[in-house]
Amino acid sequence: MRNFNQDASRPQTPWFGAMEISAGTVASALCLAGLSAGVVFLSHQFTQDAGRVASIWPLNALLLAIILRWPGASPAVVIAIGAASNVAVDLAMGDTVFNGLALTLANVVEMAVCIYFLRPKGATFDISRPHSLLRFVFIAGGIAPAASAAIAACVLTTKATFLETLGVWFAADALGMLIFTPALLVVGSTRAEGVFPRRSFTEWGLGVAILVTVLFAVFGQRSYPLLFLVYPVVILATFRGGLTATAMSILVTACVAIWASVVGYGPTQLIPGSETDRVLVLQGFLAVMTLTSLPVAMALAERARASASLRAAREEAERAGVEARASENRYRALADYSTDIVVRLGKGGIISYASPACGILGITPEQAVGRSTIDFAAPEDRAFAIKTLEDLFSGAEPDRSIRREFRVPRTDGAVLWLEGNPSIIRDADGAPVEVVTTYRDVTTRRQLEDELRDANLAAHTATEAPRASEHRFRAIAETSRDMVARMDMNGVIRFVSPSCETVMGFSQEEMLGTTTMAHTHREDLEDVEGFFAKLISDGPNAPPRPYTFRARRKDGRIIWLEGIPKILFDEAGRPSEIQDSARDVTARKELEQALAEARVAAEAAAEAKAEFLANMSHELRTPLNSIIGFTQLLAGSAALPQAERRHVDLVAMSSRSLLTVVNDILDFSTLDEGRIRLEQRPFSVGETICRCVDSLTLQADAKNLRLETRLDETLAPYLVGDDTRLTQILLNLIGNAVKFTDQGSVAISVHTLPSVRDYQAFRITVRDTGIGIPRDRLDQLFVRFSQIDSSINRRFGGSGLGLAITKGLVDLMKGQIGVESLLGEGTTFWVELNLPIARSTEIPRPLGDAPPAVVAPGKKLRVLVVDDVDLNRELAAAFLATSGHLVDLASDGQEATALVQTQHYDIVFMDVQMPRMDGLTATRLIRAIPNRSNLPIVAMTAQALPDQIAACREAGMDDYLPKPITAESLPVMITKWAQARTDAKSDASGQLDVMASLRSRFLLRSRDDLQRMNELVASEEGVVSQELFALVHRFAGTAGTFGYVEAGQAAQVIESAISAGRAPDSQSFEPLLRAVESMVRAA
Amino acid sequence: MSRGYILVVDDDVLLAELAVAVLQPDGDETRVAHDGREALRVIEKRVPDLVLLDANMPVLDGFGVLVALKADPILRRIPVIMLTALRSEADFARAREFKVEG
């Protein structure tokens, strides 16, 4: 067709375009001119009847189509050619020059308007876009024809009216545009056709046939208005043939319709009115058809295009996917069979693929996927692994010169060295997206490298060491006062230093060649040989150890030598010679021995003394206990007159002091030997202090002293320690303060100190306003047996041990104790302790919940007191009697056991040391008795040492009371152990249990009785033996009690019969036997 | 109930234990003897406030105990309750002879 060559790279102007003048161009121009002329002529020819104006005007449509379709075409040229033809034909047909030019000008204006609006700045016009189609309709079918119509109407005023001319001109131009331009633009356009499915030749033929038939049917007659039949055909063309078919059918229809109409055929003939009217109506029909079917065709084309591209894209993707998979399989095949581990890593080293070779690490690929390579590296190489990964993913190409070696532990614990060789997979922008690494096991390689290195090093040092050693040795040997010698492995002395003369009396020459054994004392030979054997077996790296032995000097004197030998080994690890440096240590040895002997003697003496003390204190305490106890009882007696009461009080006071002294002595001796063990119990410091202060209130009040207590609030409420011992310390310090203060006050305060976590450090201060202590005596205070001076002792009493014991206890608690004092003004004692803070679970119940210290009135318990000493028994009984308990006494274990067997007791107090049978044995026997395992047994013992107490517990005792017993200690024990029991027993449920157990025992017995009765009844016919009677009698008496009324009654019947003298036969026993049987079976 | 010391005498162990179980929770001290002779021994050691006495026992039966008790000027004052299955008139009569309390 017309091809105006265009150079796409050259800028195009809207009007002129870029055109090369060539032969082709000229030919095209000429063709166009001819075509234009023809069109103009035909238009006029066909429609001349209504005046000057042609009612069909396709020229402009044609020109516009050309311009819009070929962007390279210069619109100016095309319009010019058209215009020229137009003018020429017009003139040829008899128009005046003016008319011809003017009318042509109108057409040109029309064209200009169209082009200006439809193709601004040379942009291409795509009519298939709805927006463009709309614009086309509006401009080319509206504004442009209107403009040209206006001009034409102004010019042509002769033959018809202005409006008429305007109307026809407008309609012709507009309709022409609307019918022809879109179709011409679309037909054959590649853009439109693109992906429309190819229809078969048959279909095309069929379509054409249908079109022709319809057109003939419609326009070949003039009787029926069958214009509407055209529409379906065009729509068919649209759906089956696409844009091209649509355009083609429109154009064909237009031509046929117009020609038919002109020659007087077709449905338009039915329209009344002028030919112009008919033609215009026809054009209207054609225009509407065009404007409706083309958009539909375009839409369908669009849809087909879209689905085609979707399909294409899908196929593309599939193809790509297949390719990718194939490629992956190829790689996988490579990776799987490689002995190196091939790994694909994402960021962070996350493994997305691992080849089966990872089995050398003892893991499967599945176990590796998802984890990071960093996890697999040994901890010491982890940082290096992280750095390596970072470098790889940073984007730079991996540095090939560095060795990426990592230690990787195997699952069995062995460690392999792996060397990694990475390749980076990048995405389209060159950023690293994945890393593929092969890891090779280089463990053996490294091992070899290490061995080589070590061998080199060893070879180097091996030559150096002996030489250096030789130099050193000689230097020492010459100068040392110790005897330095070298021996071979047989003990033959190869070298000895000159000092041997001083030490051994022999000269160097005399010693050389002799053996060390020859000089060694006979008794030490074995030890020495053993020592050396051990030294040799320890090997080359053994540190030097000293040994001592006796040697004989030349003059026969025996001396002690201490040597520090070193054994030299050769390269093969065999001992080659012995170097020794020996010193005369005779003096030291003798001293050591003397010391050892002295120590043994001292220890023995200390032991004896301690034992003596312990025994003595026991001997002292027992009678003291009686004194105190009985005087207490005496004091409690109401019948005592004033003076006698006073005497008794004094006796009580003195005996208590004496007891304190004795206790101190015992305490001290156990403390001395470290035999005191501190308890670890949660307790409250505040409570302990308050208790101590309370117990001293009486004495303080008597002297008119103020007792003040201040506790630091930040003190932890409960600490873990021995509150008994702390009480002892506090009683001592506060008691001393009270004792040595005549007026004023004693202030006890507790301050917290900076403490470690979970510990509480604190300081207790006891400040008094007493007589004070002279400065030069302060350091003597804590030493035992000392009191400031003897006058104090006479005035204040005391054993002088108190502070020493206190210090001992404080030391045991790992605390500090100190004192400050000003003579005449007062003294301050302070104790610093650091105790763990009790965990909340350990805190004891608050005192309010504690069982009452006094036995609830009305509960009398049965108590057994076992003690071989009459006095103690009596005392205990007296104490208990005041509370109203029922007391039994036994004098040894045997008696006690017998009593416990038959009698029921709520609690037993058992002395431990007794003749005939002691407390522990008795306890064990008692525990063996069936239902006595619950019986509380409390030991009474003078020696409350930890081992003793453990032994008591082991024998089965529940608690222990230290002797001497006080009036309070017994009731406390009773409350603690027996109260709970009797309370439990008095439960109704307790009683029910007892009944139940008795009943079951009754049933058991009845079963045996029944068997016996059956036997007896069967064997003794007519005679009732004593045994049978007894059995019957038993049933008579007990069955009813346990609820078995029937059996009881049956038994009673028989019993009465027997006692009445009537001997029952076996028959009459039946009811009883049956009753008992059912009773037993029901159980 | 008074807090007293009760002696239970019965040769049937089960019955004796039953009696103890019933009496004990009230705080009474109880003691058990399984035959008459043992009962007398126990009474000699310590005088009970009450004696529960079974009639039928080996060695020395309840009546025997009664005889011994009533013969002693101090012991005769001890109240005795007899526990027995014997219901015959003769027995009752015998018991009344001894001025048994119940």
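An account of the accompanying structure is given in this report.

About the cut-offs
- Residues numbered from 1 in each chain as written.
- Chains lettered and ligands numbered in written order.
- Predicted model: local features only at pLDDT ≥ 70, side-chain atom pairs only at ≥ 80, totals over all residues.
- Helix = DSSP H or I, 4+ residues; strand = E, 2+ residues; numbered from the N terminus.
- Buried ≥ 20, exposed ≤ 12 C-beta atoms within 10 Å, placed from the backbone.
- Contact = placed C-beta atoms within 7 Å.
- Pairing = 2+ DSSP bridges.
- Axes fitted to C-alpha atoms, helices over the stretch in contact; angles between N-to-C directions.
- Core = buried A, V, L, I, M, F, W, Y, C linked by C-beta atoms within 7 Å.
- Parallel < 35°, antiparallel > 145°, perpendicular 65-115°, else oblique.
- Left-handed = near helix turned anticlockwise from the far one by under 90°.
- Nonpolar A, V, L, I, M, F, W, Y, C, P; charged D, E, K, R; others polar.

Comments concerning the overall build of chain A
Phase 1 of the analysis: Per the secondary structure count, chain A includes 33 helices and 23 strands.
Phase 2 of the analysis: Across the 1083 residues in chain A, those meeting the buried criterion constitute 31%.
Phase 3 of the analysis: By sequence separation, contacts in chain A at least 24 residues apart represent 62% of the contacts at least 6 residues apart.

So, the sheet that holds strand β21 (residues 907-911) of chain A
Residues and elements named next belong to chain A.
Phase 1 of the analysis: Strand order in this open sheet of five strands is β20-β19-β21-β22-β23, and the pairing throughout is parallel. In this open sheet, the two strands that pair with only one neighbour each are β20 (886-890) and β23 (959-962). Averaged over all neighbouring strand pairs, the angle between strand axes comes to 20°, with direction disregarded.
Phase 2 of the analysis: Relative to β20, strand β19 (residues 862-866) runs parallel, the two sharing five bridges.

Topic: the sheet that holds strand β1 (residues 341-345) of chain A
Residues and elements named next belong to chain A.
Phase 1 of the analysis: Spatially, β2-β1-β5-β4-β3 is the arrangement adopted by the five strands of the open sheet, whose pairing is antiparallel. The two strands at the open ends of the sheet, each matched to only one other strand, are β2 (351-354) and β3 (405-409). Within this sheet the neighbouring strands show an average axis-to-axis angle of 30°, counted without direction.
Phase 2 of the analysis: Relative to strand β5 (residues 432-441), β1 runs antiparallel, the two being bridged by five bridges. Its bridge partner being in β5, Ile 341 is matched across the sheet by Tyr 439.

A closer look at the nonpolar core
All names here are of chain A.
Phase 1 of the analysis: Counting 80 residues, the largest nonpolar core has Leu 62, Leu 63, Leu 64 and Ala 65 as its most contacted members.
Phase 2 of the analysis: By residue number, the principal contributor to this core is helix α6 (residues 162-186), which donates 16 residues.
Phase 3 of the analysis: Setting aside residues no more than four positions away along its own chain, Leu 62 makes contact with Val 39, Phe 180 and Leu 184.

Observations concerning the packing of helix α3 (residues 75-92) of chain A against helix α4 (residues 97-118) of chain A
Residue and element names in this part refer to chain A.
Phase 1 of the analysis: α4 packs onto α3 with a crossing angle of 155° between their chain directions and a minimal axis gap of 9 Å. In terms of their interaxial angle, α3 and α4 are classed as roughly antiparallel. Our pair here, α3 against α4, has a crossing hand that is right-handed. From α3, Pro 75, Ile 79, Ala 83, Asn 86, Val 87, Asp 90 and Leu 91 reach across to α4, where they touch Val 97, Gly 100, Leu 101, Leu 103, Thr 104, Asn 107, Val 108, Met 111 and Ile 115.
Phase 2 of the analysis: A class-by-class count of the residues in the contact of α3 with α4 yields eleven nonpolar, four polar and one charged.

Worth remembering: the numbers are spatial, not functional.
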